[in-house]
Amino acid sequence: MELISNRADYSGKLGDKRLERRAELLSNALTNSRTSVVHKATRDEAEQKGFYRFLNNDAVSEEQLIEALRSRCATNVQGRDVLVIEDSSSLGFSRQL
């Protein structure tokens, strides 16, 4: 069985090695912590600040980050059958008991 890479690789995607390294760190932190919340995915305040500065950097666009993730996903699923499961459940907590 071939292993799928969970490690992000942004080499050559952002045009700046420092930004690419920060993107890899952020992506790996979010993947390993299994959360989409930067505050919960980071070890300390310094790491949080670094990630927020990266995300607010004018040299980094959402499109670049999405394209890098799309490319990695396409590589990981190439030649495989992929099962996509969707859960459309919704929970309503507006009623008080």
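So, here's what we can say about the structure. Everything quoted here is computed from the prediction, not taken from an experiment.

1. What about the nonpolar core?
Here is a general trend for soluble globular proteins: nonpolar side chains tend to be buried in one another's company.
1) Next: In terms of nonpolar packing, the biggest core is built from 14 residues, with Tyr 10, Ala 23, Phe 54 and Leu 65 touching the most fellow members.
2) Next: Those elements that provide at least two residues to this core are helix H1 (17-33), helix H2 (38-41), helix H3 (45-55) and helix H4 (62-77).
3) Next: With 4 residues, H1 is the largest single contributor of residues to this core.
4) Next: If near-sequence neighbours (up to four positions away) are discounted, Tyr 10 is found in contact with Glu 20, Ala 23, Glu 24, Ser 27, Leu 65, Ala 68 and Leu 69.

2. Some remarks on unusual backbone geometry
1) Next: The phi torsion at Arg 34 lies on the positive side, around 60°, for a residue other than glycine.
2) Next: Take Arg 34: it is sitting in the loop between H1 and H2.
3) Next: Residue class for Arg 34 comes out exposed when judged on its relative accessible area of 78%.

3. Overview of H4
1) Next: For H4, with 16 residues, the first-to-last C-alpha span of 23 Å sits near the 22 Å given by 1.5 Å per residue.
2) Next: Of all the residues in H4, the buried ones are Leu 65, Ala 68, Arg 72 and Asn 76. Burial along H4 is one-sided: seen end-on, the buried residues are contained in an arc of 70°. For H4, the exposed residues set more than 90 degrees away from the buried face come down to Glu 62 and Glu 63.
3) Next: Buried residues along H4 sit in contact with H1 and H3.
4) Next: After H4 finishes, the residue Gly 79 shows a positive phi value of roughly 75°.

4. Description of the pattern of salt bridges
Opposite charge on two side chains permits them to pair, given that their charged atoms come into close proximity.
1) Next: Following the criterion strictly, the structure yields 5 salt bridges and no others.
2) Next: For Arg 43, the salt bridge identified is with Glu 47, shortest N-O distance 2.9 Å.
3) Next: Overall, Arg 43 belongs to the exposed group, its relative accessible area being 73%.
4) Next: Residue classification places Glu 47 among the buried residues on the basis of a relative accessible area of 14%.
5) Next: The residue Arg 70 makes a salt bridge to Glu 67 at a minimum N-O spacing of 2.8 Å.

5. As for the side chain of Glu 24
1) Next: Tracing the chain through its elements places Glu 24 in helix H1.
2) Next: By relative accessible area, Glu 24 is classed as buried at 10%.
3) Next: A polar contact of 3.3 Å, which involves the side chain of Glu 24, links it to the backbone nitrogen of Tyr 10.

6. Focus on H3
1) Next: Regarding H3, the residues found buried are Glu 47, Gln 48, Gly 50, Phe 51 and Phe 54. Looking straight down H3, one finds that the buried residues subtend no more than 165° of arc, so they occupy a single side. For H3, the exposed residues lying more than 90 degrees away from the buried face are Glu 45, Ala 46 and Arg 53.
2) Next: Where the residues of H3 are buried, they touch H1, H2 and H4.

Rules and cut-offs
Residues numbered from 1 in each chain as written. Predicted model: local features only at pLDDT ≥ 70, side-chain atom pairs only at ≥ 80, totals over all residues. Heavy atoms only, no water. Core = buried A, V, L, I, M, F, W, Y, C linked by side-chain atoms within 4.5 Å. Buried < 20%, exposed > 50% of the residue type's maximum accessible area, 1.4 Å probe, protein only. Helix = DSSP H or I, 4+ residues; strand = E, 2+ residues; numbered from the N terminus. Contact = heavy atoms within 4.5 Å. Expected span 1.5 Å × (residues − 1). Arc of directions from axis to C-beta. Salt bridge = Lys/Arg side-chain N within 4 Å of Asp/Glu carboxyl O. Polar contact = N/O pair within 3.5 Å; in protein donor to acceptor, adjacent residues only side chain to side chain.

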